[in-house]
Amino acid sequence: MARVGIPHTLAYFLYYPFWKTFFEALGHQVVVSSPTTREILDLGVEETVNDACIPIKIYHGHVASLIDKVDYMFCPRLVSVRLHGDFGSETFCPKFLGLPDLIRLTFTKAPPIIDTRIDLKKGKKELESICVEVGSRLGNSSQESQAACKKARQVHRQYLALLRQGTMPPEAMEILLNGAKPASREFPPDGLSIAVVGYPYAIYDPYINVGLLNMLAREKIKIYTQDMLSDKILNREARELPKSMFWYFSNRAVYGGLYYMKKANIDGIIHVTAFACGPDAMVDRLLEIEARRHNKPYLSISIDEHTGESGVRTRIEAFVDMLRYRRDKA
Amino acid sequence: MKGFLGVDVGSVSTNIVVINENGEVLAEKYLRTNGRPIEVVQEGIHEVGRELNGEVEIASAGTTGSARFLASMIIGADVVKNEITAHAVAASAVVPGVRTIIEIGGQDSKIIILRDGVVTDFAMNTVCAAGTGSFLDQQASRLLIPIEEFGNYALKSKNPVRIAGRCAVFAESDMIHKQQLGYNIEDIIAGLCEALVRNYMNNVGKGKEILEPVIFQGGVAANAGLVQAFNKYLNTKVTVPPHFAVMGAIGAALLAKEAYAKKKGTNFKGFNLRDIKFVTNSFECKGCSNACEVVQFFQNGELLARWGDRCGKWELQTA
């Protein structure tokens with residue numbers, strides 16, 4: 001039995017249930033880092049090359065916090081997770097592609113890194129081959145890995161189904177992995193609905209976005225994110241664009257934003273963007289232009305390691321005021 | 001007579017106004033915060049009370065600005081509102097039909113777009129403070145020009161020089177470079193004003209649909225050079241309202257008036273705030289590795305409120 005470390009950021013918010021199930025089915029122990037804290041952020045800022053973006057620095061912080069607690073660090077090379085459809089040259093941000101190398105060179109004392117390349121575009125059997133490779137590094141047979149992969153896929157499907165029902169990732173994981181009861185939430189019938197789009201590691205990490213979703217929830221606002229939409233819906237939006245961008249997570253944010261802009265029941269769109277994110281320079285502008293075209297109120301919230309709660313709070317309060325006044329006027 | 005109090009505590013200035021039921025300004029104070037918001041609010045409220053000479057009874061009070069929560073605890077506010085909404089409310093009352101608000105304060109700048117009296121879009125500067133009041137203050141004192149005179153120098157310029165306004169650090173070195181080459185001070189200051197307007201339009205104003213009437217408010221609107229530079233850049237005449245420096249406070253007062261119409265009664269502690277002892281202290285919470293710095297607020301030795309924690313465990317409910 002080995003202890004496998006999974007950092008609580010980046011792809012965690014969408015794929016943790018899959019990998020947790022997989023490793024545990026193989027008889028290993030999964031150690032996940034705590035949600036981002038100031039200590040993790042400080043560790044990351046200290047360790048990472050200077051010009052990396054804040055999400056990459058945070059990832060380094062999570063790895064640093066796991067180093068002494070695990071036998072293996074799970075840090076796959078994410079290339080593509082598209083199972084079907086023609087997405088040409090779409091991949092992940094270059095910093096994701098180089099992440100295992102960054103980690104290896106930054107943490108010379110790190111335990112062995114499981115840096116398996118994940119490129120599902122290669123074909124239907126690819127995920128299974130990946131699982132077999134990961135399993136073999138931990139001393140598991142092909143048969144064991146194939147069975148674990150099958151089980152993990154089932155859990156992943158259930159997880160996606162929960163997200164599609166409007167559950168936020170942390171709660172969906174609690175329900176699925178720990179048997180928690182879904183919390184019941186009451187929304188006033190005339191309450192506001194806001195779509196929050198952006199990278200999962202920006203919108204679901206309350207430390208780095210200074211509790212943005214909570215601020216909205218406290219106002220009894222119904223929150224939607226791109227991860228509550230099926231691939232089918234997102235891909236339909238993709239076809240309406242003359243061209244997609246190169247990055248998977250960016251495209252999801254864009255398609256989700258475009259979808260919600262056309263919905264009459266959505267009062268406004270908030271895009272959470274990481275300061276110094278290259279792809280976001282385009283994502284944010286595209287969403288802003290499209291929001292104006294659809295006459296949908298749009299707010300861009302930029303986050304970085306110095307983000308103070310007051311700046312975000314002021315903007316959120318003003319945005320919510322604006323939406324309420326619009327409502328009253330209509 | 002009934003009055004409504006508005007307090008706007010910003011990074012650089014603390015503004016206090018009292019308006020009557022018609023929205024007319026009865027008293028107005030523009031004070032420097034000087035890093036001591038509590039004392040400045042206490043002093044300011046006391047002075048306003050003295051000026052009003054017991055003829056006005058505060059029916060409701062509102063606070064805004066970056067220290068709006070702190071200020072609300074000090075004065076006993078009925079409304080606490082963000083500065084964007086407060087500025088929009090004030091501008092709409094002063095210039096009905098306003099469609100663009102340019103607001104430049106001590107450390108932040110914002111643009112607010114209104115259509116048919118409703119805010120439809122806004123933006124605030126993020127991490128960069130280039131082009132805000134603090135930077136102008138700093139440049140004025142470097143050139144030994146009183147800040148009140150700074151803008152008038154720009155008006156005397158015939159040929160503004162081109163200054164890089166993207167960043168305060170580069171703007172300053174560019175100004176020094178131009179001064180060492182022998183350009184005169186009026187042209188350099190006028191150039192700086194134009195650079196700041198360019199920076200504002202490219203940053204905060206990026207992609208915004210700017211339609212007339214345009215209002216320019218906030219402390220920096222006192223600078224005639226910037227007013228001229230905005231007129232030139234936008235090819236229109238921007239309006240600087242009479243109480244431009246205290247518009248946030250006016251907005252807070254108007255919101256207090258609105259709240260009063262719905263619910264009578266006020267939490268306002270009175271003009272004699274000077275006699276109450278307010279103390280704050282802070283500690284680092286050891287509950288988790290976030291190590292939040294929690295602020296505690298005491299009134300005459302009694303703990304009234306805590307804030308600054310992310311999880312809410314130190315939150316204190318007061319009546």
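Residue positions are counted from 1 within each chain, in the order its sequence is given. Going through the entries in the order they are written, you letter the chains from A and number the ligands from 1. Reporting in this predicted model follows two pLDDT cut-offs: at least 70 for local features of residues, and 80 or more for side-chain atom pairs to be given and counted; totals over whole chains, interfaces and linings ignore these cut-offs and use all residues. Excluding hydrogens and water, the side-chain figures rest on all heavy atoms present in the structure.

Undergrad: Could you clarify how one ought to interpret the environment of A:Q146 in this entry?
TA: Relative to the helices and strands, A:Q146 resides in helix α7 (residues 142-164). For the pair A:Q146 and A:G88, spaced 58 residues apart in sequence, the C-alpha to C-alpha distance is 28 Å. Secondary structure elements are defined from DSSP: runs of H or I of at least 4 residues count as helices, runs of E of at least 2 residues count as strands, and each element is numbered from the N terminus.

Undergrad: Mind showing me how you'd approach the sheet that holds strand β10 (residues 278-284) of chain B here?
TA: Residue and element names in this part refer to chain B. Only strands joined by at least two bridges in the DSSP assignment are considered to pair. One open sheet accounts for three strands, arranged β10-β11-β12; its pairing is antiparallel. Strands with a single pairing partner mark the edges of an open sheet, and in this sheet they are β10 and β12 (302-307). Across the sheet, the axes of successive neighbouring strands diverge by a mean angle of 25°, strand direction being ignored. Bridge count between β10 and strand β11 (residues 293-299): seven bridges; the pairing is antiparallel. For T280, the partnering residue across the bridge sits in β11 and is F297. Angles run from 0 to 180 degrees between N-to-C directions of axes, and those axes are lines fitted to C-alpha atoms, restricted for helices to the stretch in contact.

Undergrad: Would you explain the pattern of salt bridges in this entry?
TA: Where charged atoms from two side chains of opposite charge come close, those side chains can pair. Between Lys or Arg on one side and Asp or Glu on the other, a salt bridge is scored when a side-chain nitrogen of the former is within 4 Å of a carboxyl oxygen of the latter. According to the stated counting rule, one finds 37 salt bridges over all chains in the structure shown. Between A:D101 and A:R104 there is a salt bridge, and its shortest N-O distance comes to 3.5 Å. Here the residue A:D101 and the residue A:R104 both occupy positions in helix α5 (residues 99-106), the gap between them amounting to three residues, near one helical turn. For B:D108, the salt bridge identified is with B:K110, shortest N-O distance 3.4 Å. A relative accessible area of 2% means that B:K110 is categorised as buried. Members of the salt-bridge network, linked through shared partners, are A:R77, A:D101, A:R104, A:D115, A:E133 and A:R137. Partly exposed describes any residue whose relative accessible area lies between the buried limit of under 20% and the exposed limit of over 50%, with all areas from a 1.4 Å probe on protein chains only and scaled to the type maximum.

Undergrad: Got a minute to help me understand the environment of A:P279 in this structure?
TA: All names here are of chain A. One can find P279 in helix α13 (residues 278-293). The buried category is assigned to P279, whose relative accessible area is 10%. Once the C-alpha coordinates of P279 and E317 are considered, the two residues, 38 residues apart in sequence, prove to be 27 Å apart. In this description, contact between two residues means that some pair of their heavy atoms is separated by no more than 4.5 Å. Other than its neighbours up to four places away in sequence, P279 contacts Y199, W247 and S250.

Undergrad: Would you mind going over the domain arrangement of chain B with me for this structure?
TA: It is common to report an interface's size as the accessible area lost on association of the parts. Residues and elements named next belong to chain B. The domain boundaries here were taken from an automatic or database domain assignment. Entries for chain B in the domain assignment read domain 1 (2-88 + 248-275), domain 2 (96-240) and domain 3 (277-319). Placing a centre on the C-alpha atoms of domain 1 and another on those of domain 2 gives a separation of 28 Å. If you look at the interface, domain 1 gives eight residues, while domain 2 gives 16 residues. Defined here as a combined quantity, buried area equals the accessible surface (1.4 Å probe) lost by two parts on assembly, summed across both. Counting each side, the surface lost to burial between domain 1 and domain 2 is near 880 Å², with a carbon and sulfur contribution of 66%. Three residues, I84, H87 and A88, lead the burial of domain 1 against domain 2; their summed loss comes to 59% of the area buried on that side. Counting across the interface, domain 1 meets domain 2 through one salt bridge. With a closest N to O distance of 2.9 Å, D137 and R32 form a salt bridge. Think of a polar contact as two N or O atoms within 3.5 Å of one another; within protein, one of them needs to be a possible hydrogen donor and the other a possible acceptor, and neighboring residues in sequence only count if both atoms come from side chains. Applying the counting criterion to the domain 1 and domain 2 interface returns three residue pairs in polar contact (both at pLDDT 80 or more).

Undergrad: Can you help me understand the domain arrangement of chain A in this one?
TA: Residues and elements named next belong to chain A. According to the domain assignment, chain A contains domain 1 (3-176) and domain 2 (185-329). Centre-to-centre, using C-alpha coordinates, domain 1 lies 25 Å away from domain 2. Listed as interface residues are 32 residues of domain 1 and, on the opposing side, 30 residues of domain 2. Carbon and sulfur atoms make up 67% of the area that domain 1 and domain 2 hide from each other, which totals about 2700 Å². Area buried by domain 1 at its contact with domain 2 is led by I54, R164 and M168, which between them contribute 20% of it. Connecting domain 1 to domain 2 are one salt bridge.

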